[in-house]
Amino acid sequence: MDKRTAHRAQLPRSFHKAGMRAGAAALLALLAACASKPLPPWPDNNRPPVANVPRPLGIGGAPEALRSAPPVSTATPVPVPVPGSLSAPAPAVAVTPVPDPSAAAPAATDTTPPYSAAVAARYPDPAIAYATPGLAAGRDTFTTNGEVSNWLRQLAATNAADPNRPRTTLLNLGQSQSGVPLEALVLTRAPATDPASLIASGKPTVLLVGQQHGDEPAGSEALLVVARELAQGLLEPLLERMNVIVLPRANPDGAAVHRRVTANGVDMNRDHLLLRTPEARAVARLLRDYQPVVTVDAHEYTVVGRYLQKFGTIQKFDAMLQYATTANLSEFMPRASEEWFRRPLVNALQSQQLSSEWYYTTSTDPKDLVISMGGVQPDTGRNVNGLRNAISFLVETRGVGIGRMHIQRRVHTHVTAIVSLLQSTSQRADELGKLRPYMDKEAAGSACRGEAVTEAGPTPQRRALVMLDPATGADRSVEVDWNSSLQLRTIKSRARPCGYWLSAASTAVVDRLQLLGVQVMRVAEPGSLLGEIYRETSRGDGVRADVRGTISDGEQPTVKVEVELVRGVLDTPQGSYYVPLGQPLANLIMAAMEPDTQNSFFANRVQDALQNQARVVGEPTVRLEAVQ
Ligand SMILES: [Zn+2]
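Nothing here was measured: the structure is a model prediction, and the numbers come from that model.

Bringing the coordination of the zinc ion into the picture now. Protein coordination at the zinc ion: the donors are His 213 (ND1), Glu 216 (OE), Glu 216 (OE) and His 299 (ND1), at 2.0 to 2.5 Å from the metal. Coordination at the zinc ion comes from four donor atoms whose angles at the metal span 56 to 147 degrees, giving a geometry best classed as irregular. Of note, the donors binding the zinc ion are all from one chain and are spaced H-x2-E-x82-H. Taking relative accessible area as the criterion, Glu 216 reaches 3% and is therefore assigned buried.

So, about helix 9 (residues 278–290). When the terminal C-alpha atoms of helix 9 are compared, their 18 Å separation across 13 residues agrees well with the 18 Å that a helix rising 1.5 Å per residue should span. For helix 9, the full list of buried residues reads Glu 279, Ala 280, Ala 282, Val 283, Ala 284, Leu 286, Leu 287 and Tyr 290. The first or second residue beyond helix 9 is Gln 291, which carries a positive phi of 45 degrees.

So, on to the packing of aromatic side chains. Centre distance and the angle of the planes are the two values used to describe a pair of aromatic rings. Enumeration over the complete set of coordinates arrives at six aromatic pairs. Between the aromatic rings of Tyr 307 and Tyr 360, the centroid separation amounts to 6.2 Å while the plane-to-plane angle is 80 degrees, which identifies the pairing as edge-to-face. Taken together, the residues span a long stretch of sequence, with Tyr 307 in helix 10 (residues 305–311) and Tyr 360 in strand 10 (residues 360–362) at a distance of 53 residues. For Tyr 307, a relative accessible area of 2% puts it in the buried group. The lysine or arginine in question, Arg 398, covers the ring of Tyr 123, its NZ or CZ lying 3.7 Å from the ring centre. Here the guanidinium or amino end of Arg 404 rests over the ring plane of Phe 142, the centre of that ring lying 4.9 Å away.

Trans peptide bonds make up most of the peptide bonds, and negative phi angles are found at most residues other than glycine. With phi around 55 degrees, Leu 275 is a residue other than glycine that occupies positive phi space. If you trace the backbone, Leu 275 turns up in the loop between helix 8 (252–256) and helix 9. Under the relative-accessibility criterion, Leu 275 is labelled buried at 1%. Non-glycine residue Gln 353 carries a positive phi angle of around 60 degrees. Residue placement: Gln 353 occurs in the loop between helix 11 (332–351) and strand 9 (356–358).

Taken as a whole and assessed by the stated rule, the structure comprises one disulfide. Here Cys 448 engages in a disulfide with Cys 498; their sulfurs sit 2.0 Å apart. Here Cys 448 and Cys 498 share a disulfide; its torsion about the S-S bond, 135 degrees, makes the bridge right-handed. Of this pair, Cys 448 sits in the loop between helix 14 (429–445) and strand 13 (451–468) while Cys 498 sits in the loop between strand 14 (475–495) and strand 15 (499–502), placing them 50 residues apart in sequence. According to the relative accessible area criterion, Cys 448 is partly exposed, its value standing at 30%. Judged by its relative accessible area of 3%, Cys 498 is buried.

So, on to the pattern of salt bridges. Scanning the model with the defined rule gives 35 salt bridges in all. Note that Asp 440 is salt-bridged to Arg 436, the shortest N-O span being 3.2 Å. Of this pair, Asp 440 and Arg 436 both sit in helix 14, four residues apart, which is roughly one turn of the helix. With a relative accessible area of 12%, Arg 436 lands in the buried category. A salt bridge links Arg 535 to Glu 564, with the shortest nitrogen-to-oxygen separation between them at 2.6 Å. Residue Arg 535 is located in strand 17 (residues 527–542), and its partner Glu 564 is located in strand 20 (residues 558–572); the two are separated by 29 residues in the primary sequence. Using a relative accessible area of 42% as the deciding quantity, one classes Arg 535 as partly exposed. Using a relative accessible area of 37% as the deciding quantity, one classes Glu 564 as partly exposed. The network of salt bridges with shared partners includes Lys 492, Arg 494, Glu 532, Arg 567, Glu 594, Asp 596 and Arg 615.

Rules behind the numbers
- Residues numbered from 1 in each chain as written.
- Predicted model: local features only at pLDDT ≥ 70, side-chain atom pairs only at ≥ 80, totals over all residues.
- Heavy atoms only, no water.
- Donors = N, O, S within 2.8 Å, 3.2 Å for Na, K, Ca; no water.
- Tetrahedral: all angles 85-135°; square planar, octahedral: opposite > 155°, others 65-115°.
- Buried < 20%, exposed > 50% of the residue type's maximum accessible area, 1.4 Å probe, protein only.
- Helix = DSSP H or I, 4+ residues; strand = E, 2+ residues; numbered from the N terminus.
- Expected span 1.5 Å × (residues − 1).
- Phe/Tyr/Trp six-rings, centres within 6.5 Å; stacked < 30°, edge-to-face > 60°.
- Lys NZ or Arg CZ within 6 Å of the ring centre and 35° of its normal.
- Disulfide = S-S within 2.5 Å.
- Salt bridge = Lys/Arg side-chain N within 4 Å of Asp/Glu carboxyl O.

Spelled out as structure tokens, the structure:
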């Protein structure tokens, strides 16, 4: 008798039946909740898009497939876990404690509460209690890396033994810098769990990522709950409409010591273009191979710290939300993100009495009072996944710096948000199946045409934000300078080439591009191309920065150059490379290749010298072969 059976056997039979019935009814209700309030016809409504990401040039009108999409309705309340359902009295998987270095990690509990009882009283526990190893009563550490691994393995093993359950396979994505396995769970009704089988299923694949920042535990705990409910619980029916990959803990080394960055001090959520860390490379392989259509990145944000210092306030919102906001995205990306996903998500949170706001943060400089939405640089998971043409969501709960306070509520917020995003994927599965190929084609079809933005910034605004009085816990409205990432300002743009030529020496660039999923060609015989070389007009040391300040990556300064483009005929030796922009990842390629930007491969020394690369401005006539 396993632990689960043993535990359940102690409970009256009727308890389970009632709990399951209530749970199933709740789930059916939410699955069927195609209620009353139809959205305006999409995408031809007259409402201005909420996020004015610059419209790509050369593309007009809506895709035909989307025009003909059937009218849709919005789900009223949400994918809400109900008491007695997701909150199984014991974990549905037996979790055997194993020795794990992170068990010895500093306790995540702070001895002194970071704020007054009046503030704390604003955050009562939810009506549901989640049961993961790290949430057990009396624990002072979150789920250890060994316990995460066991949890996933148990789900896979249990489902392997039951042909009626969804296919549930553990993926080993490599190791963290200190040797902890990076593991994800694939859950699907497809005949197999390899990438080709999931893609052939014709259903959207969703990637859920937790704890890229080691000191943000709630997302990871929530993803264990979500994984269990998808594998063998209330969320299992969602797999009729989608495939899901769960990577609950992307940065186990950081988690083991309750630290934001990876073992070598790199912020892995600024590493999704450069791919310097094995942790970001593991995520890149998942994205390259499984091509998720929807991605969710679960984080926590700073509640007290610099906000108390700058504004004399405590941060209020249970959840902060943001989708991809970077240059060169399809104009349909923010619209689909907003209308299909964010609005139902806000409603879902509201129905659980959970407050939400756009994601925002502030710099670590105490004199800088500007509040910024999540940044616009193509380096975070949120923005890089958008450039991969995935609907990409960041979900943040109020958790950094408050130890284990309100942990059930933080987990409940993540579970509610993630289930809502899965529900929206289910409801929009058919439309997503049309939107994604459209956006892929739109990006590929832009090669050699129009302009692309190489540097964008947010739009400065003023707005009132609700924060909390630290003594009374009451709402306090604060007028702030607000950098909106929903409206991008173009700082620099240039003509979009047909592709990029790379010297034969550019193997590091080729490797990273291929890891991102980019198709790279090799020049099969000597020839020439019409191109533009970069002539350097100034050079100095630079830094990578985000809206919080300088990015923690423990690296030397970046190479900050100004360039002029000089047109001419390029000799292209055999064995050099060509990277065509006529592919779905065109905008990701441009983010890596244009050298005078803070995230480019050149600025970050992946590319040694400017003469090793050039822009190709006419369709190449040289003979090319694919690089495997
Ligand atoms: Zn974070």
